[in-house]
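Coordinates in review
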Amino acid sequence: MEQGQLKRGLKARHMAMIALGGSIGTGLFLASGGAIHTAGPGGALFAYLTIGIMVYFLVTSLGEMATYMPLSGTFSTYATKFVDPALGFALGWNYWYNWAITIAAELSAATLIMKFWFPDSSSFLWSALFLALMTALNLLSVKGYGETEFWFALIKVITVIVFIIIGLLMIVGIWSSDQRPMGFSNWTLGDAPFHGGFLAALSVFMAAGFSFQGTELVGVAAGESENPRENVPRAIRTVFWRILLFYLLAILIIGLIIPYTTESLSSDEIMMSPFTTVFEKAGLSMAASIMNAVILTSVLSAGNSGMYASTRMLWVLAQEGKAPRFLSKLSSWGVPVYALIATAVLGMFAFLSSFYGDGVVYTWLLNASGMSGFIAWVGIAISHYRFRKAYIAQGKSLQDLPYRAKWFPFGPILAGILCLVVIVGQCMGAFKDGTIDWPYLFASYVGIPLFLALWLGYKWKHKTKVLRLEECDFDMK
């Protein structure tokens, strides 16, 4: 093995599907039902639309930087070059940890799904099998990840498109047992469409935000794209349409077909997925098994992406001297093997912790990672704002940018503010019946002190300062 550079093996179709399928998963297939049950169909639609706009601005911000400087480190490297090396250090380790723990969460979910078909099988057997599969796919080459994600994402995309078509046909009465259109009767049921008012919609912001996490993977993958200056902008342009078509149309259809008062909407069981319910109402008897298979591909896709993203981030940290140097070594086919092994080991131990002490350790690990995605998004907004300001301050021409994010500086500022609103709004669930649920409050925010400890600890040790705009580094090294 030798130190070197990652190989650019991701084709245009890989990048498009990474962008398209990056955030389609259990957040849409399962959590969307809970959002409608909590805030009504209109409240859920409003929350997902707002978060969708935020994510669109974040991804275009990331796209501007990633096409100009296509690096796998993205958040860590951009923050180091345009804000403060200490912030880059903290964002890098925060992002690595977030995705490494996500691998453990997806392993847990995958074992539960397999027990749908094999109720008496061993959880350890399935978890070991899926962890080995994810590791092997990432060990082969970057094309292994890209090709797998292409097909995983394609399955999800086809499922959502079929769901939308059947749902629309049911609403207008073409696909139904009595040939009568459902119309908008469920939309106006009770105090719908905005059940619970603004506070209920605000609580759904959190679920919507978690659902969209993973969209930023297209920026991480830019460092291994064959032609990032063309492929990344093309992939990013699909983000808006994915948000509009898949999330908003799917939530609209669920809200029109299933009354928001239906208790099963708040369930996390595959049998109770709103997608399963709609397919069953359409007379598709195999709906539960079909959705179980689709959700399994979503879970494996998320785990596969987590393995890829965290491995690349750890490799970049090692290259920059912010992690042990041996982790920066690449195999002859351009894969950071040691970083991959370290990530797989953390994911395995985190998963195993779910079987001991009633899963308390595992629960805390998940809670600590829950906030990490939002912290990374705030880092993207800040880094892009500083990137554009430094770019102008150093006399560079905007015409030379291969891709330019629209609505600057409104876009990154709005996205950053909305991220902070979501972070602060996490505490809403801790206030019930005039009392404060302190364990819930602590669990929600435990990720923030960990991030601050990394940031301030590095800052204190290395005496770093926020860079002046003239000092910001646009070198690709």
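Anything mentioned here points back to the structure above.
Below: a short report on this structure. Please read these numbers as outputs of a predicted model, since none were measured by experiment.

**Some points on the packing of helix α3 (residues 75-82) against helix α4 (residues 85-117)**
Packing of α3 against α4 leaves a shortest axis separation of 7 Å and a crossing angle of 170°. Considering their axes alone, α3 and α4 lie roughly antiparallel with respect to each other. Mapping the contact onto sequence places F75, S76, A79 and T80 in α3 and P85, L87, G88, F89, L91, G92 and Y95 in α4. Class assignment for the residues of the contact of α3 with α4 results in seven nonpolar, four polar and no charged.

**Focus on the packing of aromatic side chains**
Where two aromatic rings form a pair, the distance of their centres and the angle of their planes describe that pair. In the structure shown here, the tally under the stated rule is 30 aromatic pairs. Each ring, one from Y95 and one from W99, has its centre 6.4 Å from the other, and the planes form 70°; the classification is edge-to-face. You can see Y95 and its partner W99 sitting in helix α4, four residues apart, about one turn around the helix. Like Y95, the residue W99 is buried in the burial classification.

**Digging into the pattern of salt bridges**
Counted by the stated rule, this structure contains six salt bridges. A salt bridge links D84 to K459, with the nearest nitrogen and oxygen atoms 2.5 Å apart. Taken as a pair, D84 in the loop between α3 and α4 and K459 in helix α17 (residues 447-462) lie far apart in primary sequence, 375 residues in all. The class of K459 is partly exposed, set by a relative accessible area of 23%. Residues R468 and E471 are paired through a salt bridge, measuring 3.5 Å at the closest nitrogen-oxygen approach. For E471, a relative accessible area of 42% gives the class partly exposed. Counted as one network, the salt bridges with shared partners bring together R468, E470 and E471.

**Some remarks on the nonpolar core**
If you look at the biggest cluster of nonpolar residues, it comprises 147 residues, and the most contacted ones within it are Y48, M54, Y95, F163 and W377. In terms of residues, this core owes the most to one element, helix α2 (residues 26-68), which gives 19 residues. Setting aside residues no more than four positions away along its own chain, M54 makes contact with W377, A415, L418 and C419.

**Observations concerning the environment of Q319**
Turning to its location among the elements, Q319 is positioned in helix α11 (residues 287-319). What makes Q319 partly exposed here is its relative accessible area of 30%. In sequence terms Q319 and K329 are ten residues apart; their C-alpha atoms lie 8.8 Å from each other.

**Brief notes about α2**
Turn by turn, an α-helix covers 3.6 residues, leaving residues three or four places apart pointing in a common direction. Along its 43 residues, α2 runs just 33 Å from first to last C-alpha, ending more than 12% under the 63 Å computed at 1.5 Å per residue. The sharpest bend along α2 reaches about 115° and sits at G40, with the proline P41 one to four residues further on.

**A few points about helix α6 (residues 142-172)**
If you check α6, its first and last C-alpha atoms are 45 Å apart, about what 31 residues at 1.5 Å a residue would give, namely 45 Å. G173 lies just past α6 and shows a positive phi near 95°.

**Here's the deal with unusual backbone geometry**
Between F408 and the following residue, P409, the backbone shows a cis peptide bond with an omega angle of 0°. Position of P409 among the secondary structure elements: in the loop between α14 (372-393) and α15 (410-425). Positive phi, close to 65°, is recorded for W407, a residue that is not glycine. Within the element layout of this structure, W407 appears in the loop between α14 and α15. Unlike most non-glycine residues, K463 shows phi in positive territory, near 55°.

Reading the values: the criteria
- Residues numbered from 1 in each chain as written.
- Predicted model: local features only at pLDDT ≥ 70, side-chain atom pairs only at ≥ 80, totals over all residues.
- Heavy atoms only, no water.
- Axes fitted to C-alpha atoms, helices over the stretch in contact; angles between N-to-C directions.
- Helix = DSSP H or I, 4+ residues; strand = E, 2+ residues; numbered from the N terminus.
- Parallel < 35°, antiparallel > 145°, perpendicular 65-115°, else oblique.
- Contact = heavy atoms within 4.5 Å.
- Nonpolar A, V, L, I, M, F, W, Y, C, P; charged D, E, K, R; others polar.
- Phe/Tyr/Trp six-rings, centres within 6.5 Å; stacked < 30°, edge-to-face > 60°.
- Buried < 20%, exposed > 50% of the residue type's maximum accessible area, 1.4 Å probe, protein only.
- Salt bridge = Lys/Arg side-chain N within 4 Å of Asp/Glu carboxyl O.
- Core = buried A, V, L, I, M, F, W, Y, C linked by side-chain atoms within 4.5 Å.
- Expected span 1.5 Å × (residues − 1).
- Bend = angle between axes of the 7 residues up to and from the residue.

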